[in-house]
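Chain by chain, the residues run as shown.
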Amino acid sequence: MSRRKRMQYDPPHLRKKRRRDPAAGRSEQGYLSRRIFLAKSGVVAIFAVLAGKLGWMQINQGESYKEIAENNIQFREVIKAPRGLITDRKGRTLAENRRAWEVRVVPSGLPSRTDEPEARKRVLESLAAALGLENVLVIEPNAVPKGSADLVYNRVATMLGTDEANKPDQIQFWREQSLSNDYVKVVDLSIDESAMFRSKLSELPGVSVINEVEYLVENIWSEDRPVTIRTDVPREVALRLEANLLYLPGVTLDDNALVRSYRGGEIMSHVMGYVQTIDNVSLRSPENLDDNKQRIYDQSDFIGREGLEQALESQLRGVKGVQIVERDVNGVDVRVLREGAILPEPGKNARLTIDMELQEAIGKALRKQIDAAAAFKVTDNAKRLADGKKKPDGTPSQWEIPNAGAAVAFDPRNGEILGMVSYPYYDNQLFVTGISQTKFSEYLEAERGTPFLNRCTNELYPPGSTFKIFLAASALHQGTVKPEDTHVCRGAIYVPYTNNIAQGTPMACWLGWQNSEHSELNLFDAIKRSCDTYFYNVAVSKSQDPEAFEPAYYLDYNMLDQEIVSNEKHVFDGLGIDPMADDMRQRFWFGKPTEIEVVEAQGLFPDREWKAEINPNEDWNVGDTLNISIGQGETKATPLQIALNTASLANGGRMLKPRLIHSFFDQTGEEEQETVELGRLEIAQEHIDVVVEGMRRVVHEEQGTAFTSLVDDMPVSKWLLTNPEDEEEEIIIAGKTGTAEFGEIDELGARDTHAWFTCFAPLENPEIAVSVVIEAGGEGSTFAVPVADEVLRAYFEMTGRRPRGKVLSTDLMTAPGDAPADPDATPDATPDAG
C-alpha cells in the first residue's frame, strides 16, 4: 500500500505575495498600455483646452457674453406716444385717445409659408373669421404678365361696374399704388362678389381674392415688426382670441392701445379729418425719415389724413419711447425693466378757433335751407313737366335738386375761423378702425353730393353777384367810376362784336328774365339792387382792339322777346380786364390760396394770359369781361376766399390769414397763435365806405335784395332772428347776395344757379363775417340769406348781445353734441331777387 501525500491548507490571508514575472505576460499587453496612456493623455489635453478657453472667456469676454445672454430674454419695444388732444375754443374735447383692445400679427412668428402653409392659412383665416373681416380683391403687380397690365386692370374695372368715364382715373390710381405696394387692394368683397371673382381668376393673372388679414400681413415693410390687424376690437372678441393664443402663433393682443375718438361728430368731419394706419407709400417716403435718417413711422402706426389731423401731424404725433421687456422661453412677458427705458413725449394739444355751439348752429341752418331749396325745386320741376317745358335740345326742362352747400364764419379782427361747415358730412370715426366697402359705397352713391369734399376750402364756385362789391371797390380806386355815376337798365343789353358789328351777344340783367328793368341807378342803388347792367358798364373799357370798327358799345335789349328795343348806342368806359385782374389778384384774394392750415384750392381769376394759354387761337374779348363783371365765366373761388375778401371790407382793408388754430398747449403752458397779415387792399377808406354803404342798403332798405321776402303777397323781413321787431336795438348788417349760373341752358336760355350770400356785422366795429353757398340753391336772396340770419343770431346769442333761446339752447353747451334748441319757425319764402 502506497503512501499518499498529505495536503496542507494554506489560508489566503496568510499567503505570501509573489512578484509576477514581467516575462510571463502576453506580448500585446505592452501595446494596450501605450494606447490607454495616449487616450488618457488626449482626454486630459482636451479638458485642459476647454478649461483654458472657459477661463479666457470668463475673464476676457465675460461682459459681452453676459450681454448676449441677457438679450436672449430681453426685448426692446417701442412705446407709441399719445396723440395730442384737439378741443374747441372753449376747451370742449373734439378729438381724444381712449384705451381699447388691438390685435396685431408679427409675420415672422407665423407658421412658415413654405414649411407649414396649411398651418399658416389656418391662423390667418381663424383670425379673419373672429374679427369679421371681409375678403379683398388684390392685384399683385409682379404677377401680372408684362404688357398685360392694361388689359387686366380694364377687365377688373369692368367687372366692378366702373363707369367708362371713370375707368382711366381708376386704372391710373392702381398703377400708382403698384409702385410702392406688393399687393394693390382693389376693393372689399361680399360673399357673392368673392365667388364671382374666384370663378374668373384664371382669366385675370396677378389678381387674387384673399382675406384681409392675409393682405395686411403680406403687404408689409418688415417681417419682424407687428402689423395692426384691427383696433378697437370688442372686449368679448379680444378675450376669446386671448384664450386661444396658444393655437394662433404670431398673434398678439394689447388691451392698452390708444384709439382716436372724435367727439365733435360728423359736423366737424371736414375740419378734423381722421387718422388711419400708415400706407406703404407714406412708409417708404423720404419724409418718413428724421434728421438721423431713422424711420418716424412703423407699419402699424397711425397717421393723420385730411383736415387738421393731417395738417398738424408733426405737432400731434409726439415722440415715441422705448421699454425693455423681459420674456421667458414661452414668449410670455415677465416684467418691464426700468433700465434703458425712454418715456414717450405726448403730442401737443391744439385749441381751435371754432366754437362748437356756433358750428352746430351753422350746420343746422345750412341743412334746413338746403332741404327747403330742394323742396322748392321739386315743386318747380313738377310744374315744368306739367307745362311741357323743354330745353333747346328737346329734353324736359328740369332744375338740379340742391343737395350740398357750405358756410364760413370768419372773425375780421384777427382771421380766426369761428365756424366752418361743409354739407353733407361723413362719419370720420369709421375711418379710424376701417370703413367697410358697403358703407363707403353708400357714401358715394348717396343722392346728396360727395361727403368727402370740404366745400369751404376745396370746392370752387363762380361767385356770382357777390363779386360786384369787390369790382366796385377796384373801380372806385382806379377812378373809373364815382358813386353818383348813373346808368339805365332796361333788363338786358346787346353787345355787337367790335370787329363784326353785324353779330353780337345778348347779356341779361337778372330782372330782365322777369320782363322787368331797374331803370336809372347810381352805384349805391346798383349794389343794393344787384343790377347786372350797371356792372357791365363798370367793368368793360373802350375797345383797344386795332381791328375794331369803333369803341365797344351796347344796345338795350329784351331778353324774353329776344329783340333790340332801342338803337341808342351806349359806349362802355369802364375799368377793363387788365387793371381788374391786377386788383383782384394783388389787392383782393382771388386765384391764390389763403394759407389756412388745411388743404385748399387756390381758385382762378382769368385774364388775357390765361386765355392765351388755354386757347391760343382766340383773343380776350368784351364777352369775357362781361361774364367776369358779374362773377360768372371762368372766375372761381371758394367760400373761404369770399369770406376773406368780405372781411377785408369790414376791417378797413386788412387781409388777415384765416386760421383754425387758436393755440397749442401742454402741461407747461399755452402758445397762442399770432394774427398774420397777408396784405392790404391799399384802397382809400372813403372808397371802401361807399361799397359798405351799398351793402348796408342791400339788407336794410326797400328794394334791397336781402331786405324782405314776399309771404302771401306781404313783405316780411328776412332777418326775423337777428333783428326781430320785439327785441332791443337793431344790429346793422352789410351784405351782398349772389346768384351764380352753372349747367345747361333751359328753354329761355338761362341756366341753373348756385345761391350765395356774404355779409359782416355789426356795421360799426364788425365782429363776424359770414359767407354761404347752396349748390343749385336758386337765387341767393331766397335760401342763402336765411342761413346767414340764423348764423348771426347764434353768434350774437353766444356773445350775449341777444338772449339765448331762439337758436342756441338756454343752457351753455358743456360737450359737443348737446343739441341747440329749435329756433322759432320762419315763414317759407318764394324765390326773389339775388
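Rules used in this analysis
Residues numbered from 1 in each chain as written. Predicted model: local features only at pLDDT ≥ 70, side-chain atom pairs only at ≥ 80, totals over all residues. Heavy atoms only, no water. Helix = DSSP H or I, 4+ residues; strand = E, 2+ residues; numbered from the N terminus. Buried < 20%, exposed > 50% of the residue type's maximum accessible area, 1.4 Å probe, protein only. Contact = heavy atoms within 4.5 Å. Areas by Shrake-Rupley, 256 points an atom, 1.4 Å probe, with all protein chains shown as cover. Axes fitted to C-alpha atoms, helices over the stretch in contact; angles between N-to-C directions. Parallel < 35°, antiparallel > 145°, perpendicular 65-115°, else oblique. Left-handed = near helix turned anticlockwise from the far one by under 90°. Expected span 1.5 Å × (residues − 1). Pairing = 2+ DSSP bridges. Polar contact = N/O pair within 3.5 Å; in protein donor to acceptor, adjacent residues only side chain to side chain. Phe/Tyr/Trp six-rings, centres within 6.5 Å; stacked < 30°, edge-to-face > 60°. Lys NZ or Arg CZ within 6 Å of the ring centre and 35° of its normal. pLDDT = per-residue confidence, 0-100. Salt bridge = Lys/Arg side-chain N within 4 Å of Asp/Glu carboxyl O. Disulfide = S-S within 2.5 Å.

J.: Is there a simple way to think about the overall build of the protein in this case?
T.: Check the secondary structure of the protein and you find 24 helices and 31 strands. Among the 834 residues that make up the protein, the fraction classed as buried is 48%. In the protein, of all internal contacts separated by at least 6 residues, the share reaching a separation of at least 24 is 73%. With the model as given, the accessible surface of the protein reaches about 41,800 Å², and the carbon-plus-sulfur share is 49%.

J.: When you look at the packing of helix H16 (residues 468-478) against helix H23 (residues 685-700) in this model, what are you seeing that I'm missing?
T.: A pair of packed helices is characterised by two quantities: the angle between their axes and the separation of those axes. At a minimum axis separation of 9 Å, H16 and H23 run at an interaxial angle of 150°. Judged by the angle between their axes, H16 and H23 are roughly antiparallel. Where H16 crosses over H23, the handedness of that crossing is right-handed. Along the contact surface, H16 presents Ile-469, Ala-472, Ala-473, Leu-476 and His-477, while H23 presents His-687, Val-690, Val-691 and Met-695.

J.: Whenever I open this one, H23 confuses me. Can you help?
T.: Working note: α-helix, 3.6 residues per turn, so residues spaced by three or four point in the same direction. An ideal rise of 1.5 Å per residue puts 22 Å on 16 residues; H23 measures up with 22 Å between its terminal C-alpha atoms. Across the 16 residues that make up H23, a large majority, 12, are buried. Inspection of H23 places His-687, Ile-688, Val-690, Val-691, Val-692, Gly-694, Met-695, Arg-696, Arg-697, Val-698, Val-699 and His-700 among the buried residues, and these make up the whole buried set. Buried-residue contacts for H23 involve H16, helix H17 (523-529), helix H22 (639-650), strand E29 (734-745) and strand E30 (751-761).

J.: Would you mind showing me how to read unusual backbone geometry here?
T.: The phi angle of most residues is negative, glycine excepted, and most peptide bonds adopt the trans form. In this model, Tyr-423 is joined to Pro-424 through a cis peptide bond whose omega is 5°. Here Pro-424 shows up in the loop between strand E15 (417-423) and helix H14 (430-433). Backbone geometry places Asp-232, a non-glycine residue, at a positive phi of 65°. The topology assignment puts Asp-232 in strand E7 (residues 227-233). A residue is classified by how much of its surface remains accessible, and Asp-232, at 30% relative accessible area, is partly exposed.

J.: Sorry if this is basic, but what is going on with the sheet that holds strand E14 (residues 405-410) here?
T.: Pairing between sheet strands relies on hydrogen bonds along the backbone, with the strands arranged either parallel or antiparallel. The strand order across the open sheet built from five strands is E15-E14-E31-E30-E29, with neighbouring strands paired in antiparallel fashion. Single-partner strands in this sheet number two, and they are E15 and E29. On average, each strand axis in the sheet is inclined to that of its neighbour by 10°, with strand direction left out of account. Across six bridges, E14 lies against strand E31 (residues 768-774) in antiparallel orientation. Bridge assignment links Ala-406 to a residue of E31, and that residue is Val-773. In this fold helix H13 (residues 356-387) packs onto E14, E15, E30 and E31, with an angle of close to 35° to the strand it touches most, E15. Strands E14, E15, E30 and E31 of the sheet are contacted by H22, whose axis makes an angle of about 35° with E30.

J.: How should I be thinking about the side chain of Asn-288 in this particular structure?
T.: Looking at where Asn-288 falls in the secondary structure, it is placed in the loop between helix H10 (280-283) and strand E10 (302-305). Within the structure, the side chain of Asn-288 is placed 2.8 Å from the backbone nitrogen of Tyr-297, a separation counted as a polar contact. If we ignore the near neighbours within four places in the chain, the residues touching Asn-288 are Ser-282, Leu-283, Gln-294, Arg-295, Ile-296 and Tyr-297.

J.: Got a minute to help me understand the packing of aromatic side chains in this structure?
T.: Pairs of aromatic rings are described using the distance from one ring centre to the other and the angle between the two planes. Tallied over the entire structure, the rule returns 19 aromatic pairs. These aromatic residues form a ring-pair network of at least three members: Phe-467, Phe-470, Phe-588, Phe-590 and Phe-605. Cation over ring: Arg-351 sits above Phe-665, and NZ or CZ is 4.9 Å from the ring centre. We note Arg-801 situated over the ring of Phe-796; from NZ or CZ to the ring centre the distance is 6.0 Å.

J.: Would you explain the sheet that holds strand E6 (residues 207-211) in this entry?
T.: Here we have three strands laid out as an open sheet, ordered E5-E4-E6, and antiparallel in their pairing. Every interior strand has two partners, whereas the edge strands, strand E5 (184-189) and E6, have only one. Taken pair by pair, the neighbouring strands of this sheet meet at an average axis angle of 30°, ignoring direction. Of the pairings in the sheet, the one linking strand E4 (residues 135-139) to E6 comprises five bridges and is antiparallel in character. In the strand pairing of E6, Leu-137 is matched with Val-209.

J.: Teacher, can you tell me more about the side chain of Glu-212 here?
T.: Relative to the assigned elements, Glu-212 resides in helix H7 (residues 212-218). Under the relative-accessibility criterion, Glu-212 is labelled buried at 12%. Setting aside residues no more than four positions away along its own chain, Glu-212 makes contact with Leu-133, Glu-134, Val-136, Lys-185, Asp-188 and Arg-230.

J.: What's the story with the confidence of the model for the protein in this structure? I'm lost.
T.: It should be kept in mind that the predicted coordinates are not to be read in detail where pLDDT is low. Averaged over all residues, the pLDDT of the protein is 87; the fraction at 70 or higher stands at 89%. For the stretch residues 1-5, pLDDT sits under 50, and the model shows zero contacts to residues farther than four places along the chain or on other chains. In this model residues 819-832 is a low-confidence stretch, pLDDT under 50, and it forms 43 contacts with partners more than four residues away in sequence or in other chains.

J.: Mind showing me how you'd approach the pattern of salt bridges here?
T.: Pairing between side chains of opposite charge can happen when the charged atoms of each approach one another. All told, the structure shown has 55 salt bridges when counted by the stated rule. Across the pair Arg-260 and Glu-309 runs a salt bridge, and its minimum N-O distance is 2.8 Å. Here Arg-260 is found in strand E8 (residues 251-262), whereas its partner Glu-309 is found in helix H11 (residues 307-311), with 49 residues between them in sequence. For the pair shown, Arg-260 and Glu-309 are each scored as buried. For Glu-701, the salt bridge goes to Arg-697, with nearest N and O atoms at 4.0 Å. Looking at Glu-701, the relative accessible area reads 24%, which means it is partly exposed. The network of salt bridges with shared partners includes Asp-88, Lys-90, Arg-92, Asp-355, Glu-357 and Arg-804.

J.: So what exactly am I meant to see when it comes to the pairing of E4 here?
T.: If a strand is regular, its side chains alternate between the two faces of the sheet. The buried fraction of E4 amounts to four of the five residues, a majority that puts the element mostly inside the structure. Taken together, the five bridges between E4 and E5 define a ladder with antiparallel strand orientation. Following the sheet pairing, Ile-139 is matched in E5 by Val-184.

J.: What is the right way to read the environment of Val-773 from this model?
T.: Considering the arrangement of structural elements, one finds Val-773 in strand E31. With a relative accessible area of 0%, Val-773 lands in the buried category. Separated by 367 residues in sequence, Val-773 and Ala-406 have C-alpha atoms that sit 5.5 Å apart. Setting aside residues up to four positions removed in sequence, Val-773 forms contacts with Leu-366, Gly-405, Ala-406, Tyr-461, Pro-639, His-754, Ala-755 and Trp-756.

J.: Whenever I open this one, the environment of Pro-234 confuses me. Can you help?
T.: Its place among the elements puts Pro-234 in the loop between E7 and helix H8 (235-243). C-alpha of Pro-234 to C-alpha of Ala-100: the two residues are 134 residues apart in sequence and 8.4 Å apart in space.

J.: I tried to follow H16 on my own but got confused; where do I start?
T.: Among the 11 residues in H16, nine count as buried, and that is most of the element. Turning to H16, its buried residues are Lys-468, Ile-469, Phe-470, Leu-471, Ala-472, Ala-473, Ser-474, Ala-475 and Leu-476. Just downstream of H16, Gly-479 is the residue with a positive phi angle, here 80°.

J.: How do you make sense of the state of the cysteines when you look at a structure like this?
T.: Between two cysteines, a covalent bond joining their sulfur atoms is known as a disulfide. Scanning all chains against the criterion turns up zero disulfides. Between Cys-531, a cysteine without a disulfide, and Cys-489, which holds the nearest cysteine sulfur, the sulfur-to-sulfur distance is 3.8 Å.

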